[in-house]
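The primary structure of each chain is shown beneath.
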Amino acid sequence: MGSILHADLDAFYASVEQLLHPELRGKPIAVGGGVVLAASYEAKAFGVSGGMSGRKARSLCPWLQFVSGSFSEYQRLGDEVMAVMEEFTPMIERISIDEAFLDVEGSVHLFGSPARMASDLRARVRDRTGLPISVGVASTKHLAKIASQVAKPDGLVVVADGLEEQFLSPLPVGLIWGVGPVTRERLREAGIVTIGELAEVRPALLRGLVGEAAGTKLAELARNRDAREVTTHHRAKSVGAQSAFGRQPISESLVTGTLRHLADRVASRLRAKHRAGRTITVRVRFPDLRSITRSITVPAPVSTTPILAALARELVAGALTDHPAEREISLLAISVSGLSYEEALQLELPLDLGGDHMRPGSTEGAARWAVDRSVDAVRDRFGRAAVDYGSALERTGFVPDEFRELAQKD
């Protein structure tokens, strides 16, 4: 059998709340308020899911109980689970606060077969934290992750060597990593519902359906061709953040306030890692789950909040202009790629090049960069809530920053 494990805590945030508050066990609960951050399995049975508006969630499940997040406990318990994994192997790739890949090939002589280690891992996590965790065991990362999804809730699935295609064939395409609602619907319209059906499609036809890059990737994964190894350290190729807010009418205050907030999050993370990026990408999602993206590559790397916010605003404005019939949006996102190391800001010669406010190294750009650094210093000492940008303060009913920090944890 394969030696790659994918371990994923079940409904992590909601499970932690039920662990901390026994009276909530067995009841449909959701973490959040205006937006569902996470839902228990009891709530999911009614169709409640993360990213859904609180109003819609309550309409689906009138008995739903909302609880505020226990962010410090999420962090503590997530780290404790990772410590349990380290007892089996140092080859761990943590991909979020509540899930990780493990390569246990080098540990077989110490702890037995990969299946035995997966079983022992689940038992230790349950004994030490009280939390349920599902584990998939397979020969590739792609297959191990699908196996852990099939194992949910609180289960273990081992895919034996030679039976990979037999295991994958009847499963829905939505289980493949990266297949979202839009791609799934396009495939369904083409008569492709299962992974087995996807594997039979010619790559050229698949690329025509979902695009060049996505089509090539899906064609490989449907055949379990995945050469990726478990990596314990990796350098981020991009830094991003997003805000999902259910269903909101498009307005200047919503777009500007959200983008300023997202730009602040992304830029502050870039500065904390001494990074800046040249390619800025925005994503706008409509209530029917269709998404559009726009990007721009600028001459000088950006890590300044006001400049990133202004660039993102221009991109979103262009995207919305191209879709004049749309009246509502459900998500906005910003990401920065093309990263480079930035210990200090590179200043420009004092030439009149125009557009000073959009160039990081200009006099105005340097002043903004200095202000950002001052904001960073205040937050480092007194907490992130100690200071914020005015337009970002107007946002209400959005996902708390603490939750985003955990979800995007490297």
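None of these values were measured; they are calculated from a predicted model.

Procedures and definitions
- Residues numbered from 1 in each chain as written.
- Predicted model: local features only at pLDDT ≥ 70, side-chain atom pairs only at ≥ 80, totals over all residues.
- Heavy atoms only, no water.
- Helix = DSSP H or I, 4+ residues; strand = E, 2+ residues; numbered from the N terminus.
- Buried < 20%, exposed > 50% of the residue type's maximum accessible area, 1.4 Å probe, protein only.
- Areas by Shrake-Rupley, 256 points an atom, 1.4 Å probe, with all protein chains shown as cover.
- Axes fitted to C-alpha atoms, helices over the stretch in contact; angles between N-to-C directions.
- Parallel < 35°, antiparallel > 145°, perpendicular 65-115°, else oblique.
- Left-handed = near helix turned anticlockwise from the far one by under 90°.
- Contact = heavy atoms within 4.5 Å.
- Nonpolar A, V, L, I, M, F, W, Y, C, P; charged D, E, K, R; others polar.
- Pairing = 2+ DSSP bridges.
- pLDDT = per-residue confidence, 0-100.

Re the overall build of the chain
Okay, so step 1: Along the chain, the regular secondary structure elements total 16 helices and twelve strands.
Okay, so step 2: By residue count, 47% of the 410 residues in the chain fall in the buried class.
Okay, so step 3: Accessible area of the chain: about 19,400 Å², with a carbon and sulfur share of 53%.

Quick word on the packing of helix H9 (residues 181-189) against helix H11 (residues 203-210)
Okay, so step 1: Across the interface, H9 lies against H11 with an axial gap of 10 Å and an inter-helix angle of 125°. One element, H9, and the other, H11, form an angle in the oblique class. When the axes of H9 and H11 are compared, the crossing they make is right-handed. Across the interface between the two elements, Thr183, Arg186 and Leu187 of H9 pack against Leu206, Leu209 and Val210 of H11.
Okay, so step 2: Its residues assigned to classes, the contact of H9 with H11 shows four nonpolar, one polar and one charged.

Considering helix H12 (residues 212-222)
Okay, so step 1: Within H12 the residues assigned to the buried category are Gly215, Leu218, Ala219, Leu221 and Ala222.
Okay, so step 2: Of the surrounding secondary structure, the elements contacted by the buried residues of H12 are helix H7 (141-151), helix H8 (164-168), H9, helix H10 (195-200) and H11.
Okay, so step 3: One or two positions beyond H12, positive phi appears at Asn224, with a value near 60°.

So, the sheet that holds strand E10 (residues 275-285)
Okay, so step 1: Here we have four strands laid out as an open sheet, ordered E9-E12-E10-E11, and antiparallel in their pairing. Looking at strand neighbours, the two that pair on one side only are strand E9 (238-249) and strand E11 (291-302), the edges of this open sheet. On average, each strand axis in the sheet is inclined to that of its neighbour by 15°, with strand direction left out of account.
Okay, so step 2: Relative to strand E12 (residues 328-341), E9 runs antiparallel, the two being bridged by nine bridges. Note that in E12 the partner of Gly240 across the bridge is Ser335.
Okay, so step 3: Sheet contacts for helix H13 (residues 252-272): E9, E10, E11 and E12; angle to E9, the most-contacted strand, approximately 160°.

A closer look at the sheet that holds strand E2 (residues 29-32)
Okay, so step 1: Ordered in space as E3-E2-E4, the three strands form an open sheet in which the pairing is mixed. In this open sheet, the two strands that pair with only one neighbour each are strand E3 (36-39) and strand E4 (65-67). Averaged over all pairs of adjacent strands, the angle between their axes in this sheet comes to 35°, without regard to strand direction.
Okay, so step 2: Sheet topology places E2 next to E4; three bridges connect them, and they run parallel. Bridged to Ile29 within E4 is Gln65.
Okay, so step 3: Set on the sheet, helix H1 (residues 12-20) makes contact with E2, E3 and E4; between it and E2 the angle comes to about 110°.

Some points on the confidence of the model for the chain
Okay, so step 1: The predicted model of the chain averages 84 in pLDDT, with 82% of residues at 70 or higher.
Okay, so step 2: Ignoring residues within four places in sequence, the model shows residues 344-357, a span with pLDDT below 50, making 21 contacts including any to other chains.

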